Each structure stands twice: as structure tokens, then as C-alpha cells.
Amino acid sequence: MTSRSLRKFLNHHSALAGLVVVVFFVLVAALAPLIMPDDPLKTNFLAVRKAPSMAHWLGTDELGRDILSRMMLGARASLLAGGISVVIAMAIGVPLGMVAGYFGKTADQVISRLTDALLSCPFLILAIALGAFLGPSLGNAMIAIALSAAPIFIRLTRGEVMAVVQEDYVEGARAIGLPHRWIIVRYILPNILSPLLVQATLTVATAIIAEASLSFLGLGQQPPSPSWGAMLNVAKNFMEQAPWMSVSPGVAIFLVVLGLNLLGDGLRDALDPRGD
């Protein structure tokens, strides 16, 4: 990020607010074992569905477990699923998009038609279908989300490469006989990183929602390990008796997704060379 882009980002108040929210949740997830007030897996049948109090700030669940502790540990599953699935999606989508955009012809036709077929199915529906096919586990949920998100990065990378490859410096590199891999790594990749970074930030938010949806359906994190989606799945059965069970994970998902979207919008504005 250049100094000009950094100044634009620092002047973007909503993006800074999003950054603070994201950093907060990342720190909570990273430090969860050190700061959890109670054992998130420990049951206490004398404290079943207790309302928030000084002993349990966010209340307890149907087995008497401390919701705050489970929220902190669940943040790890949700954030890891969002981050790792996007990394896998980029590892698949960026190289394929580069091949399609740079070499064109048959490679472009094959990759583009496959991408169109995958994009014709809504992201969340495709993730649920793949999750059901692979089986219920957090690892399989990450793979399902990654495969569903990969076409987004293929399409974006292909379009950006097709724009950059027409530039004079790329034509000059080709004219002097530089190898294709050197041209791609040295001249093309650095010039398409900005839109990829913005898209990755926004896709992490989508991936977190997808992980919560899969866990809600029993296809993600498996009990007794907590995740925000799995906590919502249990809480739906106690909406009248213990509404606090659903409020905490719901608000957490809302805040982290909002923070990532604000951060992504700020990065897009800061890295846009056409901006003021």
C-alpha cells in the first residue's frame, strides 16, 4: 500500500471502525484459551439456561455451559473457517484465472465455461450441497466453502489479467523473449493484487456466513466444540425460555461481517487509482 493509499484509508472512518472490530474478534479468537472465564465444554446441570449475571455475563446454555466462553472459542472456528477457506479459494482461483486471462484460446474457453457453470448456482446453495456431499465436519465445510468461492476469484483474476496483459510493458517483456512465468510473476501479479485483496476481504465475510449456515444445519463444526452457527442451531429450540442463547452468536456474526464489509469498502476506496 502506497503512502497515498494509506492516507486515504486512515481518513476513511468507517473502514477504521471495521478494522477495529475485525482486530478485536481476531484477538479474542487468538487469546481465547487465556481469557475464557470458564471451561466452554464443562456442563453444569445446576445452572441450565441461566440468564446473564455476574457469574455468567452472557448466561448459560441448555447444558449449563458458559456462553461467553463458548463464544470466545467459537470465534476461532468461525474466523478460521472464513480465513482458511478464502486462502484455499484464492490458491485455486487465482492460478486458473491467470491461465485463462494470459493464454486465452482453448484454456480460456474450458476454464470460463466451468466457471460459468459453477457461478450459475448460488454461492450458499453450492456450499451446502458440497458440504452435504463431503460430510459433516469443520474441515469439510472449509473445503466446500473454498470450492464455492473459487469461481469468484477465477472470474476476477481473468478479467484483471486480460486488462493488464494489453499494457505496453507486458508487450515489451514478451518482445524481448522473457519467459511466461516471469512475465506473470514480475509484471502481471503485482498489478492485480489490489482488487484481489479487496475481494478476499469481502469474501471472508461471506465465508463466515456460509460456515455459520453449514454449522446451523449440522454440516460444520460438530458438538461439543462450539461455533457461532452451531450455537444458533441449539438456541432456536429455546427462543422463548432462553432468548439470550441466540442473541450472543447472532450479534457476533453480524458485527464481524459488518466489520469485514466496512474494511473491504475502505480498502477498495483506498486502493482505487482513479479516486481523488
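Here, every reference points to the structure presented above.
Only a predicted model underlies this, so the values are computations on that prediction, with no experimental measurement involved.

All right, on to the packing of aromatic side chains then. The full count for this structure, using the stated rule, is 4 aromatic pairs. Ring centres of Phe24 and Phe25 lie 5.4 Å apart, and the angle between their planes is 80 degrees; on these two criteria the pair is classed as edge-to-face. Their ring planes at 75 degrees and their centres at 5.8 Å tell us that Phe25 and Trp228 sit as a pair that is edge-to-face. Taken as a pair, Phe25 in helix α2 (residues 13-35) and Trp228 in helix α9 (residues 228-235) lie far apart in primary sequence, 203 residues in all. Neither residue differs from the other here; Phe25 and Trp228 are each classed as buried.

This paragraph deals with the nonpolar core. By size, the foremost hydrophobic cluster in this structure holds 49 residues, and its most contacted members are Tyr102, Ile188, Ile208, Trp228, Met245, Val256 and Leu260. Elements supplying a minimum of two residues to this core: α2, α3 (67-103), α6 (138-164), α7 (168-175), α8 (180-216), α9 and α10 (244-271). For this core, the element with the highest residue contribution is α8, accounting for 13 residues.

Let us now look at the side chain of Ser69. Summarising the element assignment, Ser69 is placed in helix α3. Here Asp38 takes part through its backbone oxygen, which lies 3.0 Å from a polar atom of the side chain of Ser69. Excluding anything up to four places from it in sequence, Ser69 contacts Met36, Pro37, Asp38 and Pro40.

A few words on the packing of α6 against α8. Where α6 meets α8, the axes come as close as 9 Å, and the angle between the chain directions of the two elements is 150 degrees. In terms of their interaxial angle, α6 and α8 are classed as roughly antiparallel. Between α6 and α8 the crossing geometry is right-handed. Taken together, the residues of the contact of α6 with α8 break down into 18 nonpolar, 4 polar and 2 charged.

Next up on the list: α9. Among the residues of α9, those classed as buried are Trp228, Gly229, Ala230, Met231 and Ala235. Structurally, α9 contributes buried residues whose contacts are with α2, α3, α8 and α10.

Let us now look at the pattern of salt bridges. Using the criterion set out here, one finds 9 salt bridges in the structure. With a closest N to O distance of 2.6 Å, Asp108 and Arg158 form a salt bridge. With a gap of 50 residues between them, Asp108 in helix α4 (residues 105-119) and Arg158 in helix α6 connect regions that are remote in the sequence. The closest approach of N and O atoms between Arg268 and Asp269, which form a salt bridge, is 3.9 Å. In this structure Arg268 comes out as partly exposed when scored by relative accessible area, which is 44%.

So, about the side chain of Glu211. As for its position among the elements, Glu211 is in helix α8. Buried charge without a partner: Glu211 forms no salt bridge, and the closest opposite charge is Arg70, 11 Å away. Beyond its immediate sequence surroundings of up to four residues, Glu211 is in contact with Ser78, Ala81, Leu138, Ile145, Gln221 and Ser227.

What counts as what
- Residues numbered from 1 in each chain as written.
- Predicted model: local features only at pLDDT ≥ 70, side-chain atom pairs only at ≥ 80, totals over all residues.
- Heavy atoms only, no water.
- Phe/Tyr/Trp six-rings, centres within 6.5 Å; stacked < 30°, edge-to-face > 60°.
- Helix = DSSP H or I, 4+ residues; strand = E, 2+ residues; numbered from the N terminus.
- Buried < 20%, exposed > 50% of the residue type's maximum accessible area, 1.4 Å probe, protein only.
- Core = buried A, V, L, I, M, F, W, Y, C linked by side-chain atoms within 4.5 Å.
- Polar contact = N/O pair within 3.5 Å; in protein donor to acceptor, adjacent residues only side chain to side chain.
- Contact = heavy atoms within 4.5 Å.
- Axes fitted to C-alpha atoms, helices over the stretch in contact; angles between N-to-C directions.
- Parallel < 35°, antiparallel > 145°, perpendicular 65-115°, else oblique.
- Left-handed = near helix turned anticlockwise from the far one by under 90°.
- Nonpolar A, V, L, I, M, F, W, Y, C, P; charged D, E, K, R; others polar.
- Salt bridge = Lys/Arg side-chain N within 4 Å of Asp/Glu carboxyl O.
- Lys, Arg positive; Asp, Glu negative; His and termini not counted.

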